[in-house]
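Geometric and topological summary
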Amino acid sequence: MNKIHVLPEDVSRKIAAGEVIERPVSVVKELVENSLDAGASAVRIELAEGGRRLIKVADDGSGMSREDAALCFRRHSTSKIASEADLERISTLGFRGEALASIAAVSRLTLRTFDGTGERGTVIEREGDRLVAVTDIAFPRGTAVEVRDLFFNLPARRKFLRSAQSELNVIAKYVTQAALASPGARFTLVHGARQVIDCPAVGTLRERVFQLFGKALVDRLMDVAAVDGGSRVEGLASLPLAGRGDRSVQHVFVNGRPVKDRVLSAALNQAYAGILEKGRQPEAFLFIGLPLEDVDVNVHPAKAEVRFKDSQVVFRTVLRAVSEGAARGHTIKEVYPVSEEGRSGRGVSERGGPAGAPGLGLDRAPDREAGRASPWAPADTGTAAAPGAGGDMYRRYVSPSSAAASVPAGEDPVVLGQYENMYIVAGSEEGLLVIDQHNAHERVLFEKYKEIDRQQAWPRQSLLIPALAELSPSQRVSFEENAALLEELGFRAEAMGGRSVALKEYPDIFGREAALEVFLGLIEEAGGAEAGERRDRMLATMACKSAVKAGQPLTREKMGYLVAELFKISRLGLCPHGRPVVVRIDRAQIDKGLKR
Ligand SMILES: Nc1ncnc2c1ncn2[C@@H]1O[C@H](COP(=O)(O)OP(=O)(O)OP(=O)(O)O)[C@@H](O)[C@H]1O
Ligand SMILES: [Mg+2]
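So, a few notes on the structure that sits alongside this text. (Residues numbered from 1 in each chain as written. Chains lettered and ligands numbered in written order. Predicted model: local features only at pLDDT ≥ 70, side-chain atom pairs only at ≥ 80, totals over all residues. Heavy atoms only, no water.)

**A word on the overall build of the protein**
Counting its regular elements, the protein contains 19 helices and 23 strands. Classification of the 596 residues of the protein by burial places 50% in the buried group. Put simply, of all contacts in the protein between residues at least 6 apart along the chain, 71% involve residues at least 24 apart. For the protein, the exposed area adds up to about 27,600 Å²; of that, 53% sits on carbon and sulfur atoms. (Helix = DSSP H or I, 4+ residues; strand = E, 2+ residues; numbered from the N terminus. Buried < 20%, exposed > 50% of the residue type's maximum accessible area, 1.4 Å probe, protein only. Contact = heavy atoms within 4.5 Å. Areas by Shrake-Rupley, 256 points an atom, 1.4 Å probe, with all protein chains shown as cover.)

Here it is in structure tokens:
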């Protein structure tokens, strides 16, 4: 019997729509792109309930004629390309003629538009795939699209939408990116009665960054620029010795389109390798210009990725732009020597408040002879520890139970030394253990913090003079949503006017400056996490930020303390971020290798 049949039109249309429109931010993105393609100099976005109930995008762009307005909802109808050859040279943000058709298929939509010709504009009302009405309207030149009840006819999708605040958070992030890419246009984002973003048109990227992120960030940025053949990079990036504790402020645009790309991230990482302190990430706003035919934007349903004809050239140009900027010689310390004290986030290494609670971290472990750990058996490790000398010599403790079982209770492995300031080498009867000091400490702290959190027993340190920080629009949204949770985690803060927030109390496991940085990191983290896992992820971040770093010399006592604590945990296999903690070299393997 035959089993295959062609799906009914309305089903296949909904499937296609679902690929383009995943959640409210997809609608906002498509509509804003249309406004920018139409040459708008002002784009206003209004939302109700994080976009689930209403998304309205209004622009002062070219508008549409009555005929175009009728046609624009047809799948594959576009004014932006005409032939296959055009696909090779896409200069607009849209090109598929799919967005409005997709949005209309899964919502109740009203389009108002006027192109300035004739007497009156046009109103088109649609519901799902049904045309409800076409009427006249007196309307200024431009277009306004109202999308109500997104996914009203796709309940499965509607069910998976997140809270209004979470949806608003990602929308604020997207609008921030769009606003960065087009400083010459005004962007307004309004949620209910609240204005989340309002940035009037400005002349430069620097001014736009100032509008969105505040002065503190602008002051940490240098201009970067480089040209390599047809490839051009310009923008702003962290001054040497600046940067931040997370990657949340890295915006890269290719021919005006925001993209996420591994080549570009790698170039940025490499460029900053020697000029930021360890563990710090660059902030960057990079605009890459390429000949249209050298970049393929038609590779991702939501157009979030691009493919480069020659990614090496792009890599090189980014690298050069940053390196030359950095080589001009300024560092954040030279440029802003006085404000150093007040700036957030220099003090990653300066941990531990004055009145520390016992047993929280390594800082409270016995520490009489400071950091004089000797490298462990340097001559021997060269061969013995070389990975690849025999793949099965290295068995990972990825299975928690086997890890716990391999160390008899009460018989802690003995610390032999530290290797490369990164790994603790310990021995037990069963063989050698190589322990990642950062991951291990993170794991230990995570368990402790979970317990403290359960008991709501954070040792708190209050700030007589609150530490002020400027938040980006999406961080502000996330802060408002998570202020209560942050307070439970020991961070008490209050929103100030504008984009500022004042940190008044923090858990006494961080130093003052680190506390502010961790606080900002948590706000960022909370914005991206599902409600159910948010608390644990935030605790994991707190553990990560207060754990010893790779590269930090440790005394024998600290190592002993850490190993003992580690082996108290019954499920020690992975750090809270899922990375392995311990590698074991079995005694039997050693004996066999040495023909004992
Ligand atoms: N805000 C607007 N102002 C003027 N014209 C618009 C606007 N929005 C849409 N249009 C017109 O409607 C057409 C269809 O829009 P739609 O977003 O569906 O497709 P597209 O932008 O061409 O391609 P893509 O599917 O990649 O977005 C556009 O090509 C454009 O001509
Ligand atoms: Mg479009």
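**Digging into unusual backbone geometry**
Phi at asparagine 255 is positive, roughly 45°, even though this residue is not glycine. In this fold, asparagine 255 is placed in the loop between strand 11 (250–254) and strand 12 (257–258). Its relative accessible area of 32% is what places asparagine 255 among the partly exposed residues. Its identity is not glycine, yet asparagine 421 carries a phi of approximately 55°, on the positive side. Examined against the element boundaries, asparagine 421 turns out to sit in the loop between strand 17 (414–419) and strand 18 (423–428).

**Looking at the site of ligand 1**
Lining the immediate surroundings of ligand 1 are 22 residues, of which Thr78, Ser79, Lys80, Glu98 and Lys303 lie closest. The separation between an oxygen atom of ligand 1 and a polar main-chain atom of glycine 97 is 2.9 Å. Within the backbone of alanine 99, one N or O atom sits 2.9 Å away from an oxygen atom of ligand 1. For the shell around ligand 1, the leading source of residues is helix 2 (residues 24–37), giving 3 residues. A per-class count over the shell around ligand 1 returns 6 nonpolar, 10 polar and 6 charged. (Near = heavy atom within 4 Å. Polar contact = N/O pair within 3.5 Å; in protein donor to acceptor, adjacent residues only side chain to side chain. Nonpolar A, V, L, I, M, F, W, Y, C, P; charged D, E, K, R; others polar.)

**Quick word on a nonpolar patch on the surface**
Residues Leu7, Val11 and Ile15 make up a contiguous nonpolar surface patch of roughly 240 Å² in combined accessible area. Locating valine 11 in the fold gives a position in helix 1 (residues 9–20). (Patch = residues over 30% accessible without salt bridge, like charges linked within 9 Å, V, L, I, M, F, W, Y side chains within 5 Å. Salt bridge = Lys/Arg side-chain N within 4 Å of Asp/Glu carboxyl O.)

**Section: the packing of aromatic side chains**
The tally for this structure, following the rule as stated, stands at 7 aromatic pairs. Seen in terms of ring centroids, phenylalanine 253 and phenylalanine 287 are 4.4 Å apart; in terms of plane orientation they differ by 5°. Their pairing is stacked. Here phenylalanine 253 is found in strand 11, whereas its partner phenylalanine 287 is found in strand 13 (residues 284–289), with 34 residues between them in sequence. Among the residues examined, phenylalanine 287 registers a relative accessible area of 18% and is labelled buried. Three or more aromatic residues joined by ring pairs make a cluster, and in this case those are Phe479, Phe491, Phe510 and Phe519. Sitting over the ring of phenylalanine 152, arginine 108 keeps its end group 4.1 Å from the ring centre. (Phe/Tyr/Trp six-rings, centres within 6.5 Å; stacked < 30°, edge-to-face > 60°. Lys NZ or Arg CZ within 6 Å of the ring centre and 35° of its normal.)

**A short note on the side chain of histidine 191**
Examined against the element boundaries, histidine 191 turns out to sit in strand 7 (residues 186–191). On the accessibility criterion, histidine 191 (14% relative accessible area) is buried. Among the polar contacts made by the side chain of histidine 191, one reaches the main-chain amide nitrogen of glycine 50 at a distance of 2.9 Å. Apart from residues lying up to four places away in sequence, histidine 191 is in contact with Leu47, Ala48, Glu49, Gly50, Gln165, Leu168 and Val196.

**Describing the packing of helix 15 (residues 473–488) against helix 16 (residues 512–528)**
Direction vectors running N to C along helix 15 and helix 16 enclose 100°, while the axes themselves pass 9 Å from each other. It follows from the interaxial angle that helix 15 and helix 16 lie roughly perpendicular. Contacts from Gln475, Ser478, Phe479, Asn482 and Leu486 in helix 15 reach Phe519, Leu520, Leu522, Ile523, Glu524, Ala526 and Gly527 in helix 16. Counted by class, the contact of helix 15 with helix 16 contains 7 nonpolar, 4 polar and 1 charged residues. (Axes fitted to C-alpha atoms, helices over the stretch in contact; angles between N-to-C directions. Parallel < 35°, antiparallel > 145°, perpendicular 65-115°, else oblique.)

**Thoughts on the sheet that holds strand 4 (residues 121–127)**
Ordered by their spatial adjacency, 8 strands build an open sheet running 5-4-3-6-2-1-7-8, and the pairing between neighbours is mixed. The sheet is open, and its two borders are formed by strand 5 (130–137) and strand 8 (194–199), each paired with just one other strand. Along the sheet, successive strands turn relative to each other by an average axial angle of 10°, direction set aside. Inspection of the sheet shows strand 3 (residues 108–114) paired to strand 4 by 6 bridges, in the antiparallel sense. (Pairing = 2+ DSSP bridges.)

**Focus: the side chain of arginine 126**
The residue arginine 126 is located in strand 4 in this model. Among the polar contacts listed, one links the side chain of arginine 126 to the backbone oxygen of aspartate 129, at a separation of 3.1 Å. With near-sequence residues (within four places) excluded, arginine 126 lies in contact with Phe73, Ala104, Ser107, Arg108, Leu109, Leu131 and Val132.

**Some thoughts on the pairing of strand 7**
Most of strand 7 is tucked away: 5 of the 6 residues are buried. Where strand 1 (residues 42–48) and strand 7 come together, 6 bridges link them in parallel fashion. Paired with glutamate 46 across the bridge in strand 7 is valine 190. In the sheet, strand 7 pairs with strand 8 via 5 bridges, with the strands oriented antiparallel. Each bridged residue has a counterpart across the sheet, and for phenylalanine 187 the counterpart in strand 8 is cysteine 199. The antiparallel hairpin formed by strand 7 and strand 8 contains 2 residues in its connecting segment, where glycine 192 sits at a positive phi of about 55°.

**What to know about helix 15**
Every α-helix winds through 3.6 residues per turn, so residues three or four apart in the chain are directed the same way. Between the first and last C-alpha of helix 15 there are 23 Å, a value that for 16 residues agrees with the 22 Å anticipated at 1.5 Å per step. At asparagine 482, helix 15 shows its largest bend, some 65°. Listing the buried residues of helix 15 in full gives Pro473, Ser474, Gln475, Arg476, Val477, Ser478, Phe479, Asn482, Leu485 and Leu486. Phi for glycine 490, located one or two positions after helix 15, is positive at around 100°. (Expected span 1.5 Å × (residues − 1). Bend = angle between axes of the 7 residues up to and from the residue.)

**Some thoughts on the pairing of strand 4**
Buried residues dominate strand 4, accounting for 5 of its 7 residues. Counted along the chain from strand 3 to the antiparallel partner strand 4, the turn is 6 residues long, and its residue glycine 116 has a positive phi close to 85°. As paired elements, strand 4 and strand 5 share 7 bridges and run antiparallel to each other. Pairing of glutamate 125 across the sheet is with alanine 133, part of strand 5. Taking the residues between adjacent antiparallel strands as the criterion, strand 4 and strand 5 are bridged by 2 residues, where glycine 128 takes a positive phi near 55°.

**Description of the pattern of salt bridges**
According to the stated counting rule, one finds 47 salt bridges in the structure shown. The partner of arginine 454 in a salt bridge is glutamate 451, and the shortest N-O contact between them spans 2.4 Å. Here arginine 454 and its partner glutamate 451 are both found in helix 14 (residues 437–455), 3 residues apart, which amounts to about one turn of the helix. For glutamate 451, a relative accessible area of 32% corresponds to the partly exposed category. The partner of aspartate 453 in a salt bridge is arginine 535, with the nearest N and O atoms 2.7 Å apart. Of the two residues, aspartate 453 sits in helix 14 while arginine 535 sits in helix 17 (residues 531–546), which places them 82 residues apart along the sequence. Of the residues examined, aspartate 453 reaches a relative accessible area of 9% and is grouped as buried.

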